[in-house]
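Residues per chain, in single letters:
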Amino acid sequence: MSVLTSPRGKVEVVHCRRTESQDIYCIKNLIRKFTQKLFGKLNIIYLLEKANLAVTLCNDKEEIMAQATFVDYPNWNVSNQDNWLSVFQELDSEIPCTPLNTLFMHLFVAVDEYSVGCCREIIRTVYKAVPELYFIFLIVPSYMSLGSTLITVFEQVGNIPSLMYDEDFAVHICHRHRHYPQLHIRNARVEDHDDLMPIFMRHDTLLKETYGEYFLAELIEAQDKENHAVVCEVEGVAVGFMSVCSRVNMQLLHECFDLGPFHGLCIPHPDDVLQPPEEQGIEGSQDAELSSSNPSSLKTVEEPQEPLSPEAMEIIQVTDFIYPCLGPGGAGEGALLVLCSQRHDIEKFSQQSTVGDTDCDGSYSSLASMLLPKETSYFRPTYKGASAAFCIQLFCIEEKYEARSLDFMNFVFSLFPDKNFCIISLPHLTPEFALIQNFVKIVPFNNCTLEQDLYVFHRAGLLKSINIRLATLLDTPGVENLVSTLMLNKSILADLKQYNEARRDPDGTSMKAFVAEVAEQIVGIAVIRDEMDIEYIRSHYNIEDFIYFSHHQREEHGHLYHFALNPIFRHYTKFFLKEILRLGYKSCLYYPVYPQLREGKFQSSSAHSLTSALHYLVPVRPRRQIVYPLEKLGIHAPSKAVSKDPLSYALNHTNRKLTLEPKITVNAKIVVVGASICSTLFISFNLTLISTHGFPGKNLLGTEQRKFLASDHCFNDKDYASMSLCSWVNVVVGRMTAIDRAAKHVVVSKEEIVLYDHLILCTGQQYQVPCPTGADINQHPTNREIPNSGKQRYTDKVPRNHFTLNDEEDCCKALSWIRSNSIITEGNIIVYGNTIDTYTTVETLLNVGVRGSYIHLVQPPPTSTVTCINNYSVESAVEDALRAVGVTIHRDALLAQWNDGRYPDPIQSACFTTPTKPFRLTCCMFFSFCEKNVDYETFKALNDACLVYDSRLVIDTNFHTNDVAIRAAGSLTKFSNKYYSNEWTHSSFSSKEIGFQLAAAMLSLFDPTLEPVTEPPADLDRLIPMYKGAKIQGGILPGSYHYLHIAKPAIPTPLEVQMAQPSFGSEIVTGNAKNGTYFRIHINKYKMVETITCLSKEPFPASNYIRLFGQHEQLLNNLCARYEDKLIPDLYSYFMEPWCMALFHDRFIDLRKELRQILTSKEEEDFPSIEQLARQIEDEEISLKEKPRKYLKRVFQETIYKSLVEKSILDYLHYNHYHLPMYAWPGII
């Protein structure tokens, strides 16, 4: 916040923020004729789309006071955007402007009364936001004066001609040092104590309480060759402090962190052991595995492209820019990190020493550190050289100067001329401040239990002479050296060769290769091509969350194929991307991450190299697609570029607007247990997932194994591919066996420890192995004679031919067993249970070739009056289909014994009791789908951790357990008894919606841009949240029936009971279940679609039908009236007609919101809104001579509302015409 005072004495409290699209109207109102003469006639939307930085100044009422736009090339076409540097060097060679330190002002507008103050505040903010920036140029026609505002910050340096206009233009410059200068750094003196202590005390009193009131003075006095204290000062006052030490515990660092890319922070030594012995090989390389675990770490040039296997990970070495040395004293031991600052310009470069190639596919040998669990025989390099690093022990700076924190680094490196690395360690929960954003975060080994993150900065990172340019043939040796350890280095070099020879791909696509050069050494390489598939990207991904698509030409979209950058220059990644856009005449870049094949190989046709830039790209959400009846639409179907179905991928993106956008890194250890739907929706952070089988959807399914289980239609294979969880999520394969709340770690498989700051439990419920009652059927018992033993847990060995199917891995194993044990041709298969999964499993068995007469469907006594399908028509059709293929159905049967009570492995027979007489079945395979429950090991872990458990894990409405650091969601949980609502649990609602809400609850902890959530009133805090998303289940049932059921969340009630209620509404049914043409829609009393049930012999577009849920029947083309008039003989055909395609569009909900906003807003001053009129009629404030509906319709047509609604609908159809070409609008007919 700053205070501006006008010449007349008026005061405004102002603040700066990034310009947003809604600011455009106010910006246009601030443009004067003088503004147009200075900057030309501008399209504001276009300018903001192409700007690198746009800043808006607002007052405390959020009224716009000023706005300025900055671009990385000159305006007025005084030069081409890719070669302006030569023009300005000729203008004044004494100004050391470079693309790194220069921006150009393309627009400035302000409220006249405060314009001078606004201009200075914006300039100061820009210099603070971009630490590398030193010069801002302003170019105006030479005959124009700058006016009374801009003249206060700019000074003229010369004139240059224009490429397009027949006149000269004046060049004006604004220097950093006049607005937000570099800080002066010097050695600390004892007298600085009084200036610094208030800064320390504002952040933390721990040091004072521990070491006494004068700890800082004592620290300054204790300086020697190994310990130094430095300060930054402004006008003679110390405003920041840094304590550095050359004693670093290298043994501890080598034990805990993968420092291979930095040669262990040591000087190269002839006795270094850098590669594993030949007999050990490199398989199981832990370094490689870990390098995939954190895409934000640029220790590797990562390849998030395909889900990364350990052997796929390779590393760019810090070859020519390492010079070694280090010591004890801890890796930032006892460090206090208070707020900080950024950057310094230095044109000096210390000694360069080449480090030999290091194979970082190996891991460090485990040393005897008591901090670490015993590790297996993974290889780790051994370094014999001296330490090459010093550490920052203490650091703080006044928040006002935080952005200049990097100014410290040149001075502290000069204190240790033999050290090339600066390191700092921080607690995990420390927010990433400005200084750390220039460091490289080091990946810890998976057995590291230190509660600290390690960051490294190399001396060469201070160099500002980095130059990005188009590659040449002479760069090939340097690039070969740079990428020699990358897996896809041949692909990079082949593309570089293709660029140098032809400038185009073999298919004719234009391509460009760029290199980053420092001190005449190649430190980075990038290859882009024109994005030829932009129509598909626009229609399948939400890129319009980031850009106005219509303001970007087709040739301005680029496809990033390769990006590799030496990790010591990682902080220049965004600059590299910015230069690629400028030099390549691009405005957008796209980087796809393709899924992995089941056998773990890369997709050869679409493999991209590793990209260390992934951290600086934004993931783009995929769009839900309409399933089109292409044959029925004919020539009115979407183009093939939109409707094609290529290999799915996750899309990452950047554009000019994002190149100077700050990015927040969350270092908190967030651990999610369980790969359920809830956890999948929650995984939007940089997380660790603990799962028995790893990622969900990691196999490319769509074959028999997925059909064993019913689907909730939350995610399919394409959804998983488009999320690329492997790029952001670390996976620990195993089962949670314990939680240590005091130490804040999870024990996995009774051995491994996973630390957490926030623990999310989403293990759900699973089918359990049934426990036989033990009844002897030779005594002919009935179910009534069996003692009620409750829910006993099976504790014996699970038979090898017994299967409980809970996920895709279980399904794969079952299918493999069937095919490898001749089950298809001989032997009975028992399917035990009464859930919908029993039906889908029976259908899958029939589909793979098992004869129906070999299948026995055994249903235990029901525990509820509600069946799993809850629709008699569907159930009878399925049972008829089972009988038709010879499947035997046994009802009300309890499992009594396996193998007549003998050793159960393998199961050869199974005995059951019934209400009448028992029976015995021979068995070669037993599927169990009894009631789901919480896994025993999970229960024991929760119970031993003293988490409140009452048949399920108890949570509140915000997902909290009784531990503030542990949250839970999904069917594992129940609401606390204080809500008096035991019948409602998360199982009652959509898992997808629960996951979204859980993610939103966690995001509020880490996203500073979100407004704090206000606590609900005390009385509302006793109410459970009611989620509105549909509960969905579907699958392929016996008889090859495709089944789908969509319903609102509700306490299960028999369908007959529901229909008997007076408030039930009505139902619309077409077709016949047994014929496979059944389609039922339930319309509630408010005329909204509440339930949809489909049973069809033919596949149908389930994703389309899901969009019908919650829609008003009139929106469905007056569905009820047409049905009553017998105009709808078949709902399947009805919903394939062209008119309803817009209902299935992913942005239709936005149209509905826009139309509602029109009707609720007051568009005419002297006339109420349509909503207000409706309320007045409801409250009888208006006496009408006609029916209310007729009156509202007449008012709507006679006022402006009709034209506004029509315009909104036509704009929607026009903007989305690539998805909806079957609609006509004025101008095309």
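Keep in mind the model is a prediction, meaning the values are calculated, not measured. (Residues numbered from 1 in each chain as written. Predicted model: local features only at pLDDT ≥ 70, side-chain atom pairs only at ≥ 80, totals over all residues. Heavy atoms only, no water.)

Draft legend 1. Up close: the sheet that holds strand 1 (residues 2–5). Within the open sheet, the eight strands sit side by side as 1-2-3-4-5-6-8-7. Their pairing is mixed. With partners counted over all chains shown, the strands left at the sheet margins are strand 1 and strand 7 (155–161), one partner each. Neighbour to neighbour, the strand axes of the sheet diverge by 35° on average, direction disregarded. Bridge count between strand 2 (residues 11–18) and strand 3 (residues 53–59): five bridges; the pairing is antiparallel. (Pairing = 2+ DSSP bridges. Helix = DSSP H or I, 4+ residues; strand = E, 2+ residues; numbered from the N terminus. Axes fitted to C-alpha atoms, helices over the stretch in contact; angles between N-to-C directions.)

Draft legend 2. Region of interest: the pattern of salt bridges. For the structure shown, the criterion picks out 52 salt bridges. R17 is the salt-bridge partner of D23, the closest N and O atoms lying 2.8 Å from each other. Accessibility assignment for this pair places D23 and R17 in one class, buried. K1202 serves as the salt-bridge partner of E1206, at 2.6 Å between the closest nitrogen and oxygen. One end of the pair, E1206, and the other, K1202, are both in helix 34 (residues 1200–1215), four residues apart, so they sit about a helical turn from each other. Classification of E1206 by relative accessible area gives partly exposed; the value is 39%. Among the charged side chains, a network of salt bridges with common partners joins E879, D880, R883, R891 and K1074. (Salt bridge = Lys/Arg side-chain N within 4 Å of Asp/Glu carboxyl O. Buried < 20%, exposed > 50% of the residue type's maximum accessible area, 1.4 Å probe, protein only.)

Draft legend 3. Focus on the sheet that holds strand 39 (residues 925–929). Strands sit in the order 32-39-33-34-35 across an open sheet of five strands; the sheet is parallel. Strands at the two margins of the open sheet, each flanked by one partner only, are strand 32 (802–803) and strand 35 (888–890). Pairing analysis gives four bridges linking strand 33 (residues 829–833) to strand 34 (residues 855–858), with the strands arranged parallel. Within strand 34, the position partnered with Y832 by the bridge is V858. Along the sheet, helix 22 (residues 808–820) makes contact with strand 32 and strand 39, crossing strand 39 at roughly 160°. (Contact = heavy atoms within 4.5 Å.)

Draft legend 4. Structural context of unusual backbone geometry. Cis geometry is adopted by the peptide bond preceding P906, which originates at D905 and carries an omega value of 0°. Along the chain, P906 falls in the loop between strand 36 (894–898) and strand 37 (909–913). Residues other than glycine seldom take positive phi values, yet R503 does so here, at roughly 65°. Among the secondary structure elements, R503 is positioned in the loop between helix 14 (489–502) and strand 18 (511–518). In the Ramachandran plot, H713 falls in the positive-phi region, its phi being about 55° despite a non-glycine side chain. Mapped onto the elements, H713 comes out in the loop between helix 20 (704–707) and helix 21 (717–723).

Note that all results are geometric; they support no functional claim without further evidence.
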